[in-house]
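# Report on the structure
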Amino acid sequence: MSDRYNPTTRALNLSSFHNSFPGKSFYIPLSRSTVMQKVVEIILEHIPEVVAIDLSNNQIFALEPLVPYIDRLQNLTILYLNNNKITNMRYLSKLKGLPLVELKVEGNVVCTDLGESFVDAVREVFPTLQVLDG
């Protein structure tokens with residue numbers, strides 16, 4: 001994971017994480033709750049200062065594995081969830097309490113599910129949000 005972390009910007013790029021191990025005989029999808037939970041534990045242990053995480057293109061549909069760690073992710077202000085499988089606002093609502101300033105969710109069903117009320121629903125969950133792409 002160290003090659004995916006930029007210490008200057010404190011950003012971790014986990015986009016298409018399952019493709020991180022070419023030529024290896026294992027598959028590690030972040031869409032599996034147990035994998036996501038373990039990755040978050042590793043992040044908190046080794047780079048707790050992370051401010052941006054890109055989880056795009058991982059077929060993530062549930063965000064529950066992040067919930068137990070919200071109190072420890074208080075430096076996280078940028079989260080990219082583009083092109084995943086998030087279908088409903090209740091999944092994004094699970095992340096309430098994160099001090100997000102920027103959130104990208106384009107390419108998820110949740111963006112079109114609520115129509116014009118999507119932006120208001122997201123801003124209600126993340127009141128500190130300044131940039132929303134979705």
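Heads up: these notes are all about the structure in this document. (Residues numbered from 1 in each chain as written. Predicted model: local features only at pLDDT ≥ 70, side-chain atom pairs only at ≥ 80, totals over all residues. Heavy atoms only, no water.)

## Things to note about the side chain of Asn82
- Here Asn82 shows up in the loop between β4 (78-80) and α2 (89-93).
- Those residues in contact with Asn82, other than ones at most four positions away along the chain, are Ser56, Asn57, Lys104, Val105, Glu106, Asn108 and Asp133. (Helix = DSSP H or I, 4+ residues; strand = E, 2+ residues; numbered from the N terminus. Contact = heavy atoms within 4.5 Å.)

## Focus: the nonpolar core
- Counting residues in hydrophobic clusters, the biggest one holds 41 residues, and the most contacted among them are Leu14, Leu30, Ile53, Leu55, Leu81, Leu92 and Leu103.
- Top element by residues in this core is helix α1 (residues 33-46). It accounts for six residues. (Core = buried A, V, L, I, M, F, W, Y, C linked by side-chain atoms within 4.5 Å. Buried < 20%, exposed > 50% of the residue type's maximum accessible area, 1.4 Å probe, protein only.)

## With respect to the environment of Leu12
- Mapping Leu12 onto the fold places it in strand β2 (residues 11-13).
- Taking the C-alpha atoms as reference points, Leu12 and Met36, separated by 24 residues in sequence, lie 14 Å from one another.

## Notes on the sheet that holds strand β1 (residues 5-6)
- Here we have six strands laid out as an open sheet, ordered β1-β2-β3-β4-β5-β6, and mixed in their pairing. Unpaired on one side and paired on the other, β1 and β6 (131-133) mark the two borders of the sheet.
- Relative to strand β5 (residues 102-104), β4 is paired through three bridges, and the arrangement is parallel. Paired with Ile78 across the strands is Glu102, a residue of β5. (Pairing = 2+ DSSP bridges.)

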